[in-house]
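Single-letter residue listing:
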Amino acid sequence: EARKMIDCSKKLEIELFWVIVNYGKGSEILHYAKKHGITGGTVMIGKGTINCRYLEVFDLCETRREVLMMLTEKQVAVEVMEKIGHQFHFEKPNHGIAFSTAVEGLYGSESWCHESVVKKQSEVKPMYQIIVTIVEKGKADEVMESATKAGARGGTVLNARGSGLHETQRLFSLDIEPERDIVLIITESDKTEAITSAIRKDLNMDGPGHGLLFVQNITRTIGLYP
């Protein structure tokens, strides 16, 4: 197949398109998304938090999840999200959620020129945000305990591992080895500060080597049931 010519003069808004579904649906959804304009993606295995009551905001109480991450243009994300929501019935409880976050820079991909990636700042406060916390393996439950006390109602845990037995991957200068958990929490924006403050305090996140926490705005979502 001939390689698509890239117009580096074109300014694009790129988004990271996320889908969280029950185990076994990830590959099917990724295949469907690629048929409708998504160029590729990554499927990761996750697990629900220790108590099903934490998962109310997701309406997903199965222990194992699949988390899909796909980079695409903003308009494609809008269209594909709507199609996936309709095709896989995300309007029904326990079928999955999808959301997208804005990308301010993109490097290392042949699909786009990094000079062409732009992000238009919105003056409208987003309804939802995603809190990403990276901690030592085994501390995910502590993160969720702190978060739920502060108002969070759901979470997904990903186990981060290096790419080989003697190799180490790094994310934001933090070693990603078998002893790391990544906790994804989606929350209403007005609860974000309280939740992040509780996690930082209870897990001493501001201390060196104690973990990493960052927040991203969610531009649109389907499948969330407050």
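Above: the structure in question.
Described below are features of the structure shown in this document.

Basis of the calculations
- Along every chain, residues carry numbers that run from 1 in the direction the sequence is written.
- Only residues with pLDDT of 70 or above have their local features reported here, since the model is predicted, and side-chain atom pairs are shown and tallied only from 80 upward, although totals for entire chains, interfaces and linings are computed over all residues.
- With hydrogens and water excluded, all non-hydrogen atoms of the structure serve as input to the side-chain values.
- The cut-offs for exposure are 20% and 50% of the maximum accessible area for each residue type, with area from a 1.4 Å probe on protein chains only; residues under the lower value are buried, those over the upper are exposed, and the others partly exposed.
- Here a helix means four or more residues in a row that DSSP labels H or I, a strand means two or more in a row labelled E, and each is numbered from the N terminus.
- Note on pairing: two strands pair once DSSP finds at least 2 bridges between them.
- Expected helix span is taken as 1.5 Å per residue step, with the number of steps being one fewer than the number of residues.
- Our arc is simply the arc of the directions from the helix axis toward the C-beta atoms.
- Any Lys or Arg side-chain nitrogen found within 4 Å of a carboxyl oxygen on Asp or Glu counts as a salt bridge.
- Between the N-to-C directions of two axes lies an angle of 0 to 180 degrees, each axis being a line fitted to C-alpha atoms and, for a helix, fitted only over the stretch in contact.
- Angular relationships are summarised with four words: roughly parallel below 35 degrees, roughly antiparallel beyond 145, roughly perpendicular across 65 to 115, and oblique for the angles in between.
- A clockwise turn of the near helix away from the far one marks a right-handed crossing, whereas an anticlockwise turn of less than a right angle marks a left-handed crossing.
- Whether two residues touch is decided by their heavy atoms; if any such pair falls within 4.5 Å, the residues are in contact.
- When residues are sorted by character, Ala, Val, Leu, Ile, Met, Phe, Trp, Tyr, Cys and Pro go into the nonpolar class, Asp, Glu, Lys and Arg into the charged class, and all the rest, Gly among them, into the polar class.
- Side-chain rings of Phe, Tyr and Trp (the six-membered ring for Trp) are treated as a pair once their centres are within 6.5 Å; stacked means planes under 30 degrees apart, edge-to-face means over 60, and tilted covers the remaining angles.
- We call a charge positioned above a ring when the Lys NZ or Arg CZ atom is no farther than 6 Å from the ring centre and deviates by at most 35 degrees from the ring normal.

Let us look at the pairing of strand β4 (residues 97-102). Every regular strand shows the same layout, with side chains that alternate between the two sheet faces. By the criterion of burial, β4 is predominantly enclosed, with five of the six residues buried. In this structure, strand β1 (residues 12-22) lies alongside β4, joined through six bridges in antiparallel fashion. Looking at the pairing, Glu15 lines up with Ala102 of β4. As judged from the four bridges shared by β4 and strand β11 (residues 212-222), these two strands associate in the antiparallel manner. The residue bridging Thr101 from the neighbouring strand is Ile218, located in β11.

With 14 residues, helix α4 (residues 189-202) should cover 20 Å at 1.5 Å per step; its first-to-last C-alpha distance of 21 Å lies within 8% of that length. The complete set of buried residues in α4 reads Ser189, Thr192, Ile195, Thr196, Ala198 and Ile199. Taken down its axis, α4 places every buried residue within 160° of arc, on the same side. Set apart from the buried face of α4 by more than 90 degrees, the exposed residues are Asp190, Glu193 and Lys201.

Evaluated as defined, the whole model comprises eight salt bridges. In this structure, Glu13 and Lys74 form a salt bridge, with 4.0 Å as the shortest nitrogen-oxygen distance. Here Glu13, found in strand β1, pairs with Lys74, found in helix α2 (residues 74-87); they are 61 residues apart in sequence, far enough to count as distant. With relative accessibility at 24%, the residue Glu13 sits in the partly exposed group. When its relative accessible area of 31% is taken as the criterion, Lys74 is described as partly exposed. For Lys139, the salt bridge is made with Glu142, and the minimal N-O distance between the two is 3.6 Å.

It is the contact of helix α1 (residues 26-35) with α2, at a shortest axis distance of 10 Å, that shows an interaxial angle of 135°. As summarised for this structure, α1 and α2 are arranged oblique, according to the angle between their axes. Of the two elements, α1 crosses α2, and the hand of that crossing is right-handed. Facing Ile29, Tyr32 and Ala33 of α1, the residues of α2 in contact are Val80, Lys83, Ile84 and Gln87. Here the contact of α1 with α2 is composed, by residue class, of five nonpolar, one polar and one charged.

Let us now look at the packing of aromatic side chains. Counted by the stated rule, this structure contains two aromatic pairs. Seen in terms of ring centroids, Tyr32 and Phe88 are 5.5 Å apart; in terms of plane orientation they differ by 90°. Their pairing is edge-to-face. With Tyr32 in helix α1 and Phe88 in the loop between α2 and β4, this residue pair connects regions lying 56 residues apart in the sequence. Take Tyr32 and Phe88: they sit in the same class, and that class is buried. A cation over an aromatic ring shows up here: Arg64 above the ring of Tyr23, its NZ or CZ 3.6 Å from the ring centre.

Positionally, Leu12 belongs in strand β1. Residue class for Leu12 comes out buried when judged on its relative accessible area of 8%. For Leu12 and Lys74, which are 62 residues apart along the polypeptide, the C-alpha to C-alpha distance reads 8.0 Å.

Turning our eyes to something else, we now look at unusual backbone geometry. Even without a glycine there, the phi angle at His89 is positive, about 60°. For His89, the position within the fold is in the loop between α2 and β4. The backbone of Asn204 shows a phi angle near 50°, a positive value even though the residue is not glycine. The residue Asn204 is located in the loop between α4 and β11 in this model.

Before going further, it helps to spend a moment on the environment of Gly96. Within the element layout of this structure, Gly96 appears in the loop between α2 and β4. By relative accessible area, which is 2% here, Gly96 ends up buried. Along the sequence, Gly96 and Ile20 sit 76 residues apart, while their C-alpha atoms lie 5.7 Å from each other.

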